[in-house]
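The lines below spell out each chain.
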Amino acid sequence: MPTSIYTVMWKNESAVILFILLLLPASKQLRMSLMKLWHRLASLTSHGLSPIHKRVLGWMYLFNGPELIQHGFDNSDGQAYEIHAPDCRYVFVSSEKHVKELDQAPDTVLSLQAASKQMLQPIYTMHGFNWFDRRGTEGVGFVRALRTLLTNNLPQILPELGTIIKATFTRSHAEHKVIGGARHSPIYPTVVKLVVMSNALSFFGKDLAMNEKFLASALNYVEETLMCAEIIKLLPKRLARLVGPLIASRLTCQKVLYNTLVPIATERCKDRDRARLGQTVPKHADCIQWIMETAPRQKPWTPERIVHELIAIRFGSVHALSTTITFAIQDLCLRPEYLAPLRSENERLYSQFEQTGQGLPLLDSFIKESARLTPVESMSVRRAATQPFKFSDGTELAVGDWACTPVRAIMQSERYYPQALEFNGFRFAKPEDMHFDSSHTFAFKQPKPSKLVDVSHTWHVWGIGRMACPGRYYATAAMKVIMSQIIMNYDMKLPNADASRWFTWRSTMLPRKETMVIFTPRTNTGNQCLSVTNLPFPRSQEGPDNWSSLPNCFEVK
């Protein structure tokens, strides 16, 4: 590409945005040509890039983010390295020392909140919510609400959740097209529907989980938010301030969610005030109640503030859970030998899991291995610099730069994971969890067993340290419920196992919505399906058609 074109792109970002939009449906050959160009530009990093080359490489990051991050990791020898995006400079750190420095940096200097605000543009996408850059400015009650109260209530939530998930899947499956004598289910939209249902029941209670209009809006809200935020981020700041409100005015889903939740939160706040006067009020066990109860006592949150917090918390879990479950189901289709031991485990231990919210170690390991090799995100532990910061090796962050970790590259490094690029579904399980002959197919083990909810130097899926996701226990339990209901009641296969199953945008891997899975109901499973005629979701509501990028969602708020 001639230098004159670089110059035009450098001077006219509107032309670049148009170029990007035109490129989205581009042919595979064109994308491969861009990859070759990217490699050529990346090879210049050791010699230094001109501002124009950095700009072009930054725009190409939108399409090849995971590979660009991997390339930097492979050539960094454990040192910090930088990557430029159109709207940000990222500094990646992977050594245990640097990750610790990142975690221990004050919130007033390196801010998760500020990074989340830049990613999601909540003032436009979350009904005007404009949270503070510093975590805890208005209290951190949501941490206790998710980590303690929601987790402690899992034994009350999971039995009903399993029943509703099973029924919802049964109804969805019955509506999917029959091709060649078999029903072909669009796996990603189907799983998104299950996750939205799970979150509605767990966060808001059964009444809202049965509200068709609310669920339909919740189903499409993530798509609306991401597309709006992505457009605004790519626009010049002056133009974004003009375009943002116009786009936000056309986002209907956030309005439905907000207008549905505010009256409920208002009544809960009135009950809170009545209870303080000694009056008897109804008791509730959901996130609406827990967020209200854990808000600062000296300055209680308004109903609007409670709803803003709920929307932000709920937003994060939909995408990550849906993507992780989708890839795990696809891995089961590709590796059917794992179905028998997973079913055996469910038959023995699922009831115990429902009663405690813990257990099913083989399924836990399988999901973790799937997430390791097909992670939602290639970066984690995002922190935006609100003040200048310097790592111990002299690497500097200017205000607006981000520090983060290359989570996918770390999880696929031979340094930490033997046979790193091979799928070993039970590598994280303990030997005593293997109640079958594991001498051959399932013999491989990680040197040290671990769990999906763990947080460590080599497992940044949930963040790290003091900012680790407080909702990871619920998220793990919800994934096991959905996976177990499908495993126990259906055989599954990919009709086209060789087809591409995902694409990338920025640092995110996104399942293709057109990927189909053939689910065949099992006979003699001992489980009777309940009536599904009164469940929500209209027949036409199969889920979003397009997805944009999303960070490690559990770090969003």
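Procedures and definitions
- Residues numbered from 1 in each chain as written.
- Predicted model: local features only at pLDDT ≥ 70, side-chain atom pairs only at ≥ 80, totals over all residues.
- Heavy atoms only, no water.
- Helix = DSSP H or I, 4+ residues; strand = E, 2+ residues; numbered from the N terminus.
- Contact = heavy atoms within 4.5 Å.
- Areas by Shrake-Rupley, 256 points an atom, 1.4 Å probe, with all protein chains shown as cover.
- Phe/Tyr/Trp six-rings, centres within 6.5 Å; stacked < 30°, edge-to-face > 60°.
- Buried < 20%, exposed > 50% of the residue type's maximum accessible area, 1.4 Å probe, protein only.
- Lys NZ or Arg CZ within 6 Å of the ring centre and 35° of its normal.
- Axes fitted to C-alpha atoms, helices over the stretch in contact; angles between N-to-C directions.
- Parallel < 35°, antiparallel > 145°, perpendicular 65-115°, else oblique.
- Pairing = 2+ DSSP bridges.
- Core = buried A, V, L, I, M, F, W, Y, C linked by side-chain atoms within 4.5 Å.
- Expected span 1.5 Å × (residues − 1).
- Salt bridge = Lys/Arg side-chain N within 4 Å of Asp/Glu carboxyl O.

1. Focus on the overall build of the protein
Helix and strand counts for the protein stand at 20 helices and 13 strands. Sequence-distant contacts in the protein: of pairs separated by 6 or more residues, those separated by 24 or more amount to 76%. By element, 53% of the accessible surface of the protein is carried by carbon and sulfur atoms, the whole surface being about 23,700 Å².

2. What about the packing of aromatic side chains?
All told, the structure shown has 20 aromatic pairs when counted by the stated rule. With a centroid separation of 5.4 Å and an interplanar angle of 50°, the aromatic rings of Phe 203 and Tyr 474 are classed as tilted. Linking Phe 203 in helix 10 (residues 187–204) with Tyr 474 in helix 20 (residues 472–489), this pair joins segments that are 271 residues apart in sequence. By relative accessible area, Phe 203 is classed as buried at 4%. Put simply, the rings of Tyr 61, Tyr 81, Tyr 90, Phe 92 and Trp 402 touch in pairs and so form one group of aromatic residues. If you follow Arg 305 out to its NZ or CZ, it ends over the ring of Trp 301, 4.1 Å from the centre. In this structure, Lys 368 is placed above the aromatic ring of Trp 459, and the distance from its NZ or CZ to the ring centre is 4.6 Å.

3. Remarks on the packing of helix 17 (residues 339–356) against helix 18 (residues 361–373)
Helix 18 packs onto helix 17 with a crossing angle of 140° between their chain directions and a minimal axis gap of 8 Å. Here helix 17 is positioned oblique relative to helix 18, judged by the angle of their axes. Facing helix 17, whose interface residues are Pro 341, Leu 342, Glu 345 and Leu 349, helix 18 presents Pro 361, Leu 362, Leu 363 and Phe 366.

4. A word on the environment of Leu 332
Among the structural elements, Leu 332 can be located in helix 16 (residues 303–334). Leu 332 gets classed as buried once you look at its relative accessible area, which sits at 1%. Separated by 34 residues in sequence, Leu 332 and Phe 366 place their C-alpha atoms 9.0 Å apart.

5. Some remarks on the sheet that holds strand 13 (residues 516–521)
Strand order in the open sheet made by the four strands is 4-5-13-10, with antiparallel pairing throughout. The sheet is open, and its two borders are formed by strand 4 (178–179) and strand 10 (490–493), each paired with just one other strand. Both strand 5 (residues 182–186) and strand 13 contribute to a ladder of three bridges, which runs antiparallel. Paired with Ser 185 across the strands is Val 517, a residue of strand 13. Together, strand 10 and strand 13 form the strand contacts of helix 16, whose direction differs from that of strand 10 by roughly 85°.

6. What to know about unusual backbone geometry
One non-glycine residue, Asp 77, adopts positive backbone phi at about 55°. Examined against the element boundaries, Asp 77 turns out to sit in the loop between helix 4 (51–74) and strand 1 (81–85). Despite not being glycine, Arg 506 shows a phi value in the positive range, around 55°.

7. Side note on the nonpolar core
By size, the foremost hydrophobic cluster in this structure holds 125 residues, and its most contacted members are Tyr 90, Ile 329, Leu 332, Leu 342, Met 483, Met 492 and Phe 519. Counting residues per element, this core draws most heavily on helix 16, which supplies 14 residues. Setting aside residues no more than four positions away along its own chain, Leu 332 makes contact with Tyr 338, Leu 339, Leu 342, Phe 366, Met 483, Ile 487 and Met 492. Listed in part, the 14 residues of the second largest apolar core include Leu 110, Phe 391, Ala 403 and Ile 464.

8. A look at the side chain of Ser 217
Position of Ser 217 among the secondary structure elements: in helix 12 (residues 212–234). Relative accessible area serves as the criterion here: at 8%, Ser 217 is assigned to the buried category. Setting aside residues no more than four positions away along its own chain, Ser 217 makes contact with Cys 253, Val 256 and Leu 257.

9. Re helix 10
Between the first and last C-alpha of helix 10 there are 25 Å, a value that for 18 residues agrees with the 26 Å anticipated at 1.5 Å per step. When you tally the buried positions in helix 10, you get 18 out of 18 residues, the bulk of the element. Immediately beyond the C-terminal end of helix 10, within one or two residues, lies Gly 205, with a positive phi of roughly 100°.

10. Points about the pattern of salt bridges
Scanning all chains against the criterion turns up 21 salt bridges. Arg 274 is the partner of Glu 267 in a salt bridge, and the nearest nitrogen-oxygen pair spans 3.5 Å. With relative accessibility at 29%, the residue Arg 274 sits in the partly exposed group. Each of Asp 87, Glu 230, Lys 233 and Arg 506 takes part in one network of salt bridges that share partners.

11. A word on the side chain of Thr 326
Relative to the helices and strands, Thr 326 resides in helix 16. Once you skip the residues sitting within four places of it in the chain, Thr 326 turns out to touch Ile 187, Tyr 188, Val 191 and Pro 511.

12. Digging into the pairing of strand 10
Residue alternation in strand 10 divides its side chains into a buried set, Tyr 490 and Met 492, and an unburied set, Asp 491 and Lys 493. Where strand 10 and strand 13 come together, four bridges link them in antiparallel fashion. From the neighbouring strand, Lys 493 faces strand 13, where its bridge partner is Ile 518.

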